[in-house]
Amino acid sequence: MSTHPPTSVDTLLERARAQLHRLSPHEAAAAARDGALLIDTRYAALRDRDGLVPGALIVERNELEWRHDPHGDHRLPGVTGHGVRAVVFCNEGYASSLAAVSLHQLGLARATDIVGGFQAWRAAGLPVRHSEQPSVPARTIAG
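Fair warning: this is a prediction, and the values are worked out from it, not measured in the lab.

Asks: Please explain the packing of aromatic side chains as it appears in this structure.
Replies: Two aromatic rings, taken as a pair, are described by how far apart their centres are and by the angle between their planes. The final tally for this structure, using the stated rule, is 0 aromatic pairs. Directly above the aromatic system of Phe118 lies the positively charged group of Arg42, at a separation of 3.9 Å from the ring centroid.

Asks: Which parts of the structure should I look at to understand a nonpolar patch on the surface?
Replies: A surface patch of nonpolar side chains, about 240 Å² in accessible area, is lined by Val9, Leu12 and Leu98. Residue placement: Val9 occurs in helix α1 (residues 9–18).

Asks: How do you make sense of helix α2 (residues 25–33) when you look at a structure like this?
Replies: For the α-helix, the turn length of 3.6 residues means that residues three or four positions removed from each other point alike. Those residues of α2 that sit buried are Pro25, Ala28, Ala29 and Ala31. The buried residues of α2 occupy an angular sector of 160° when the element is viewed end-on, so they sit on one face. Buried residues in α2 make contact with β1 (37–40), β3 (86–89) and α6 (117–123). Where α2 ends, the next residue or the one after it, Gly35, has phi of about 110°, a positive value.

Asks: Explanation requested: the pattern of salt bridges in the structure shown.
Replies: Side-chain pairs of opposite charge can arise where the charged atoms are in close proximity. Per the stated rule, a full pass over the model turns up 5 salt bridges. Across the salt bridge formed by Asp113 and Arg22, the nearest N and O atoms sit 2.8 Å from each other. One end of the pair, Asp113, is in strand β4 (residues 112–113); the other, Arg22, is in the loop between α1 and α2, and 91 residues separate them in sequence. The residues Asp113 and Arg22 share a single accessibility class, namely buried. Note that Asp50 is salt-bridged to Arg49, the shortest N-O span being 2.8 Å. Take Asp50: its relative accessible area is 5%, and that puts it in the buried class. The exposed category is assigned to Arg49, whose relative accessible area is 54%.

Asks: Which parts of the structure should I look at to understand helix α5 (residues 95–105)?
Replies: Taken residue by residue, α5 has Ser96, Ser97, Ala99, Ala100, Val101, Ser102 and Leu103 as its buried positions. Among the residues trailing α5, Gly107 stands out with phi positive, at a value near 105°.

Analysis parameters
- Residues numbered from 1 in each chain as written.
- Predicted model: local features only at pLDDT ≥ 70, side-chain atom pairs only at ≥ 80, totals over all residues.
- Heavy atoms only, no water.
- Phe/Tyr/Trp six-rings, centres within 6.5 Å; stacked < 30°, edge-to-face > 60°.
- Lys NZ or Arg CZ within 6 Å of the ring centre and 35° of its normal.
- Patch = residues over 30% accessible without salt bridge, like charges linked within 9 Å, V, L, I, M, F, W, Y side chains within 5 Å.
- Areas by Shrake-Rupley, 256 points an atom, 1.4 Å probe, with all protein chains shown as cover.
- Salt bridge = Lys/Arg side-chain N within 4 Å of Asp/Glu carboxyl O.
- Helix = DSSP H or I, 4+ residues; strand = E, 2+ residues; numbered from the N terminus.
- Buried < 20%, exposed > 50% of the residue type's maximum accessible area, 1.4 Å probe, protein only.
- Arc of directions from axis to C-beta.
- Contact = heavy atoms within 4.5 Å.

As far as function goes, none of this settles anything; it's purely spatial.
Next comes the structure, spelled out in structure tokens:
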């Protein structure tokens, strides 16, 4: 039983974001060019509807911690080191802030997210591909 008073999701979000140096879509694109790992946590229906960020690793939100735990049995090789710069994005930049803080708690201190999420990325005119377009594929991780 928790001894802490209840809080709202807005308060959780505010606390999470206070721990992050969040990136604009253009800053995230530059970070990816410099070796940061873009991680798309959106669910399949949103990816199918809106498209993919070329080269982003797809790890749906419900699997994120298991795939990035440096000590976990289900971790992804090469994406769990403490020096990894992970830039998480969701659809609009809310759940990704909470996800990035969760990665911090696993020791990925350089994790952050994209302000405005995928929608802001697309609105900024950054690359998006749809499944019918041949291009650099997104990397999908199945559970």
